[in-house]
Amino acid sequence: MDNIKVSVIVPVFNNSQYIGATLDSIINQDFDSFEIIIIDDGSSDNSLDIACEKLKATNIPNAIVHQENQGVSSARNKGIEISNGDYLVFVDADDIIAPNHLSSLYNGECEFSLTQLVKKEGENTSSPHIYSQENISTKEFIEMELKMQIPFNFVQLMYNADIIKSNSIKFSSDYIYGEDTYFALTALSYGDRISISNEITYYYIQHPTSAIRTSEFRRFDIVDMFEELGKFYEKRGLSDLSKLITTSRIPKAIFGNMNYFFYNSYDFNDVIDKMKEMDLLTKLSKFEGDSKFKLKIKLFLLNPKIYYKVWKKFKNSID
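Residues numbered from 1 in each chain as written. Predicted model: local features only at pLDDT ≥ 70, side-chain atom pairs only at ≥ 80, totals over all residues. Heavy atoms only, no water.

Novice: I'd love a proper account of the pattern of salt bridges, names of residues and values included.
Specialist: This structure, assessed with the given rule, holds 11 salt bridges. Lys56 serves as the salt-bridge partner of Glu53, at 3.2 Å between the closest nitrogen and oxygen. Here Lys56 and Glu53 lie together in helix 2 (residues 47–56), a separation of three residues that amounts to about one turn. On the accessibility criterion, Lys56 (61% relative accessible area) is exposed. A salt bridge links Asp221 to Arg218; its shortest N-O distance comes to 2.5 Å. Look at Asp221 and you get buried, because its relative accessible area is 18%. According to the relative accessible area criterion, Arg218 is partly exposed, its value standing at 40%. Within this structure, Arg76, Asp92 and Glu179 form a network of salt bridges that share partners. (Salt bridge = Lys/Arg side-chain N within 4 Å of Asp/Glu carboxyl O. Helix = DSSP H or I, 4+ residues; strand = E, 2+ residues; numbered from the N terminus. Buried < 20%, exposed > 50% of the residue type's maximum accessible area, 1.4 Å probe, protein only.)

Novice: Got a sec to walk through helix 2? Specific residues and values, please.
Specialist: Among the residues of helix 2, those classed as buried are Ser47, Ala51 and Leu55. Seen along its axis, helix 2 keeps its buried residues to an arc of 55 degrees; they face one direction. Pointing more than 90 degrees away from the buried face of helix 2 are the exposed residues Asp49 and Lys56. On its buried side, helix 2 packs onto strand 1 (6–12), helix 1 (19–27), strand 2 (34–41) and strand 3 (62–67). (Arc of directions from axis to C-beta. Contact = heavy atoms within 4.5 Å.)

From the geometry alone we can't say anything about function, so treat these as descriptive.
Structure, rendered in structure tokens:
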């Protein structure tokens, strides 16, 4: 296909309840010269039928691929492989994008561009992060993410397809959590600048049926992902970013997930035993950063049980 500016890649797995609305939001973009790529990852419901019907009724270039269930990373990688666009955009099959999502992202000025995402649950929406700059360096952006100074989701970005393909950047099936963050922070390291739009164009839908406890302690596996990312940065000569992963991003990920488990009533001893098994207490102690968070970590490491009791009584929140 010629003159395709943007490929919109949508992995689908048993999303029949939502995929129709998602595709409507993509089809109704106020942007021309884009294609829609659907990768059905072995759905057992009628998601594929709905997607076929939706795309049959439009003249937007599209491709639908059905594969045996291999996971969302494999589905996204397949979408990248068959894409024809100069840029890549990813949309999850149960989310919604505003009509100006692609037009807000596409400007041709930078290798990457970003718009704002909000989480939506019923009538409630979260607040976006407002940037003061129209564009920033990719390195500055990565540093901000590793310090967790900004909320970030990989779907907020439009990616230069040549950077992705020429550097063989893929989503890894090795990680249950964080494979999308790994993809984005790897890709960004090959670029120079990111164009920023403060338009809210991506709606991350929070579904009330989402399971809380199905993950067990796999959320802690995100630590392995960040350690691998740190090794990648070291190989690329980005030792300062690698250090930030050790001294900021990993400790914050550990502490945030620990509080998630506490908030969702996981047994205290089970959480601590898992943290000891994975040597997360040692990794937590390597935090270097703002004094308030550092004190919080020190108090926890000094006596986890007392910290937990105080947290449960006075805070009982993961914020």
